[in-house]
Number of protein chains: 2
Amino acid sequence: MFLHVDPDSGLAIYDQIVRQIKFAVATGALPPGEMAPSVRELARELAVNLNTVSKAYQQLQVEGVLESVRGMGLAVASGALKQCRAERVKLVQERLREVLWEARQSGLDGDEIQKLIAAEMPAIDKKLASKLKGK
Amino acid sequence: MFLHVDPDSGLAIYDQIVRQIKFAVATGALPPGEMAPSVRELARELAVNLNTVSKAYQQLQVEGVLESVRGMGLAVASGALKQCRAERVKLVQERLREVLWEARQSGLDGDEIQKLIAAEMPAIDKKLASKLKGK
DNA sequence: CTCTGTGTCATAGCAGACTATGACAGCATG
DNA sequence: CATGCTGTCATAGTCTGCTATGACACAGAG
């Protein structure tokens, strides 16, 4: 799978799973109608407890991203693509706002922050490329 | 004081205090030789427990940012300014890297991320200005 | 029907962060 | 010396996230 969690990222693990599933739906990696990985499979793959994945899936179900198919598993809901595309901007924006605020608070001015961003971007691109290649 | 903590920011409260004290030193708001606010004063001001502030101060002491002055309190160390200025870039960079990576992972390309950043900046500037005015 | 896979629920336990108190030794000020 | 400030330490309790296990009902494949 395309997911990866960091136990000490600040964000709770189940929250990371929720976000990444939404992103996977938004990018089309998980198209509507397709089955999401089973709780047991994903738990094993992420080296995480079954209940942690289950908690994430329950939240995704409540939010309408996933739908339960009796005895089969959880499928991506039909309206999920549009919903996740809209939401991802909001999710990214919120975290971006926090970090930019902290950066300004640290005494760095707008130009310096822009330079840091410009310096990081190539590494991010490279990392993303190697991730896609590894698929 | 110039500090502010968010109980549900993901980051632990004592960690937020450590970071913000370092930033205050880096910006010159807390010059070397000056006394840091007492644990009790800061705890009251942030509506936080005494031990939480104490934990943050202990870490700052271990890292050499603060020095104990027997019976008086904790003073900003002489070499702390240079040290904090170097470190703040690293601290900001680390968080920036995380968020940019998540943003790319969400399927947004570099241009779209740049647009989001550009859209947030004015609000950040405004918030910073009103914070400085309130001093 | 049996077996296996699916999600779901319940319970118990652990660790980290935070809170709530109380107590101590040291120095400065009056 | 006495009072009040400082940091420091210790203990106990709460809450949240995560883990560990076991059990259940349901559906598809053989």
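Residues numbered from 1 in each chain as written. Chains lettered and ligands numbered in written order. Predicted model: local features only at pLDDT ≥ 70, side-chain atom pairs only at ≥ 80, totals over all residues. Heavy atoms only, no water.

1. Let's talk about the protein's contact with DNA strand D
Okay, so step 1: Inspection of the region around DNA strand D gives 23 residues, with Ile13(A), Tyr14(A), Asn51(A), Thr52(A) and Gln61(B) positioned closest.
Okay, so step 2: In DNA strand D, atoms within 4 Å of the protein come from the sugar-phosphate backbone in 66% of cases.
Okay, so step 3: Arg40(B) has a polar side-chain atom sitting 3.0 Å from a base nitrogen of DNA strand D.
Okay, so step 4: In this structure, a phosphate oxygen belonging to DNA strand D sits 2.8 Å away from a side-chain N or O atom of Gln61(B).
Okay, so step 5: Those elements giving two or more residues to the surface near DNA strand D turn out to be helix 1 (13–27) and helix 3 (50–62) of chain A together with helix 2 (39–45), helix 3 (50–62) and strand 2 (73–76) of chain B. (Near = heavy atom within 4 Å. Polar contact = N/O pair within 3.5 Å; in protein donor to acceptor, adjacent residues only side chain to side chain. Helix = DSSP H or I, 4+ residues; strand = E, 2+ residues; numbered from the N terminus.)

2. Looking at the pattern of salt bridges
Opposite charge on two side chains lets them pair, provided their charged atoms get close.
All names here are of chain A.
Okay, so step 1: Per the counting criterion, the structure on display carries 13 salt bridges over all chains.
Okay, so step 2: One salt bridge connects Lys22 with Glu87, and the closest N-O pair in it is separated by 3.0 Å. Of this pair, Lys22 sits in helix 1 while Glu87 is found in helix 4 (residues 80–105), placing the two residues 65 residues apart along the sequence. Grouping residues by exposure puts Lys22 and Glu87 together as buried. (Salt bridge = Lys/Arg side-chain N within 4 Å of Asp/Glu carboxyl O. Buried < 20%, exposed > 50% of the residue type's maximum accessible area, 1.4 Å probe, protein only.)

3. Thoughts on the nonpolar core
Okay, so step 1: Counting 30 residues, the largest nonpolar core has Leu100(A) and Ile117(A) as the members making the most contacts within it.
Okay, so step 2: Looking at this core, the elements that each hand over two or more residues are helix 4 and helix 5 (110–133) of chain A together with helix 4 (80–105) and helix 5 (110–133) of chain B.
Okay, so step 3: The contacts of Ile117(A), once residues within four sequence positions are left out, are Leu100(A), Leu96(B), Leu100(B), Gln114(B) and Ile117(B).
Okay, so step 4: The next biggest cluster of nonpolar side chains, apart from the first, holds 26 residues, and it includes Ala26(B), Ala43(B), Leu46(B) and Tyr57(B). (Core = buried A, V, L, I, M, F, W, Y, C linked by side-chain atoms within 4.5 Å. Contact = heavy atoms within 4.5 Å.)

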